[in-house]
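Residues per chain are reported as follows:
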Amino acid sequence: MSTALRPLALTMGDAAGIGPEIIAKAFREAPQDMQGCFVVGDVGLMRRACRWVCPPCALPLPVVQLEAVADLPAVPPACVPVLQTEARAPEIVPGRIQAEAGRLAGQWVQWAARAALRGEIAALVTAPLHKEALAAAGAPWDAYPGHTELLQAEAARHLGVPVQQLPVRMMLANDELRTVLVSIHLPLRQAIEAVTHAQVLQTLRIADQSLFRMLGRRPRMAVAGLNPHAGEGGRMGREEIDIIAPAIAQAASEGIDASGPYAPDTVFMRARARPGQPAAFDVVVAMYHDQGLIPIKYLGVETGVNVTLGLPLVRTSPDHGTAFDIAGRGTADAGSLIRAVRLARQLSRPSA
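One structure accompanies this document, and this report is about it.

1. Topic: the packing of helix α3 (residues 99–117) against helix α5 (residues 147–159)
Reasoning step 1: At a closest axis distance of 10 Å, the pairing of α3 and α5 adopts a crossing angle of 40°. Considering the angle they form, α3 stands oblique to α5. When you trace α3 past α5, the crossing you get is right-handed. On α5, the residues that touch G106, V109, Q110, A113, R114 and L117 of α3 are H147, L150, L151, E154, A155, R157 and H158.
Reasoning step 2: When grouped by side-chain class, the residues that make up the contact of α3 with α5 number six nonpolar, four polar and three charged.

See the structure below:
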């Protein structure tokens, strides 16, 4: 392992899903990208995944158990290093919601988050967990709708502040498009209620600060409307007039390069970068989860990366779920995970 690389942790995710398999594939298919990475998970489950993804007539990658992160430089090449932070896992059946799989996924993320907050690792990349399995695991895991809220709670605890004082946002990105969400995992009715002046303005501020570090300049932000055609001047709703436009105006008065609100059914096309056709914007600020994620995922979940903005640590993840329907077959695509590792490395550099 290059001594220039600070350790990067990959949490295994829900072991009943494709998380272990895509991690195994990433180590096999992209060894250069995986230098300096280790898995926070279970040695036995990782060995099983390495067998599943092994090509015919080839040997599975060896799995090496780490006693401590400091042992990572001594791991031989072409091995998968695993830090066993919990007792050996029981048999986890692929493709089924299991409380134990949810508990382990939560424990692994919690360990990696705390290590990142202590500065022991450069960043964490989280393989998908299953929200129903996490809830089935009971307290404290059932309090978290997903990774984002769990990481937010850990960071707030580390900083000694209430969760409300550490606002975070989800950004999904690929080579063609970026989108940041005003609200994350909320039922649609609650997501609409969450479109307030304060929430929109806070999203613009967080996106501006985070993307400035990524791009080295202020991002050009397009703000999507909430209603069809961005409200049509109030004929289809007044949220654009009463809430979104004033938030944009206040952000602009602070020097933030934000404009809109734009019709949500066309703004993503204007913000999409393609060969020979540069994007008009660097990012779209979407009002709720599906409004922002459907365009990104339509372009291909194998290329998208999820980034949590606003945390005092770097966290990325693949832009897909646990894929229970194909778990255990060794056919899952590791492309999104590999891109998540690359972006985590980029964001965790001191100059970033």
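2. Some details on the pairing of strand β10 (residues 283–286)
Reasoning step 1: Neither face of β10 is left uncovered, since the one carrying V283 and V285 and the one carrying V284 and A286 both have all their residues buried.
Reasoning step 2: Bridge analysis of strand β7 (residues 178–181) against β10 gives three bridges, and the strand direction is parallel. The residue of β10 that forms the bridge with L181 is A286.
Reasoning step 3: Here strand β8 (residues 221–224) runs beside β10; their pairing, made up of three bridges, is parallel. Paired with V223 across the strands is V285, a residue of β10.

3. Concerning the state of the cysteines
Reasoning step 1: Applying the stated criterion across every chain yields a total of zero disulfides.
Reasoning step 2: Summary of cysteine pairing: C37 is not part of a disulfide, and the nearest cysteine sulfur, belonging to C50, is at 14 Å.
Reasoning step 3: We note that C54 lacks a disulfide partner, and the nearest cysteine sulfur, in C50, lies 8.8 Å from it.
Reasoning step 4: For C54, a relative accessible area of 18% gives the class buried.

4. Observations regarding the environment of Y288
Reasoning step 1: Structurally, Y288 is set in the loop between β10 and α10 (289–298).
Reasoning step 2: Excluding residues within four positions of it along the chain, Y288 makes contact with L181, S183, L188, A191 and L226.

5. Re the pattern of salt bridges
Where charged atoms from two side chains of opposite charge come close, those side chains can pair.
Reasoning step 1: This model, assessed by the stated rule, comprises 15 salt bridges.
Reasoning step 2: For the salt bridge of E86 with R103, the shortest nitrogen-to-oxygen distance reads 3.5 Å. In this pair, E86 is assigned in the loop between β4 (80–84) and α3 and R103 in helix α3, connecting sequence segments 17 residues apart.
Reasoning step 3: Overall, E86 belongs to the partly exposed group, its relative accessible area being 23%.
Reasoning step 4: Among the residues examined, R103 registers a relative accessible area of 24% and is labelled partly exposed.
Reasoning step 5: For R272, the salt bridge goes to E176, with nearest N and O atoms at 2.5 Å. Taken together, the residues span a long stretch of sequence, with R272 in the loop between α9 (267–270) and β10 and E176 in the loop between β6 (169–173) and β7 at a distance of 96 residues.
Reasoning step 6: We classify E176 as partly exposed; its relative accessible area is 25%.
Reasoning step 7: When salt bridges that share partners are traced, they join E86, E100 and R103 into one network.

6. Brief notes about the packing of aromatic side chains
Reasoning step 1: Under the criterion given, the structure shown has two aromatic pairs.
Reasoning step 2: With a centroid separation of 6.4 Å and an interplanar angle of 85°, the aromatic rings of F38 and W111 are classed as edge-to-face. With F38 in strand β2 (residues 37–41) and W111 in helix α3, the pair connects residues that are 73 residues apart, well separated along the chain.
Reasoning step 3: Residue F38 is classed as buried on the basis of its relative accessible area, which comes to 0%.
Reasoning step 4: Aromatic side chains Y262 and F281 sit 5.5 Å apart centroid to centroid with 50° between the ring planes, which places their arrangement in the tilted category. With Y262 in strand β9 (residues 258–262) and F281 in the loop between α9 and β10, the pair connects residues that are 19 residues apart, well separated along the chain.
Reasoning step 5: The ring of Y262 has R270 sitting right over it, with the charged end atom 4.9 Å from the ring centre.

How each quantity is defined
- Residues numbered from 1 in each chain as written.
- Predicted model: local features only at pLDDT ≥ 70, side-chain atom pairs only at ≥ 80, totals over all residues.
- Heavy atoms only, no water.
- Axes fitted to C-alpha atoms, helices over the stretch in contact; angles between N-to-C directions.
- Helix = DSSP H or I, 4+ residues; strand = E, 2+ residues; numbered from the N terminus.
- Parallel < 35°, antiparallel > 145°, perpendicular 65-115°, else oblique.
- Left-handed = near helix turned anticlockwise from the far one by under 90°.
- Contact = heavy atoms within 4.5 Å.
- Nonpolar A, V, L, I, M, F, W, Y, C, P; charged D, E, K, R; others polar.
- Buried < 20%, exposed > 50% of the residue type's maximum accessible area, 1.4 Å probe, protein only.
- Pairing = 2+ DSSP bridges.
- Disulfide = S-S within 2.5 Å.
- Salt bridge = Lys/Arg side-chain N within 4 Å of Asp/Glu carboxyl O.
- Phe/Tyr/Trp six-rings, centres within 6.5 Å; stacked < 30°, edge-to-face > 60°.
- Lys NZ or Arg CZ within 6 Å of the ring centre and 35° of its normal.

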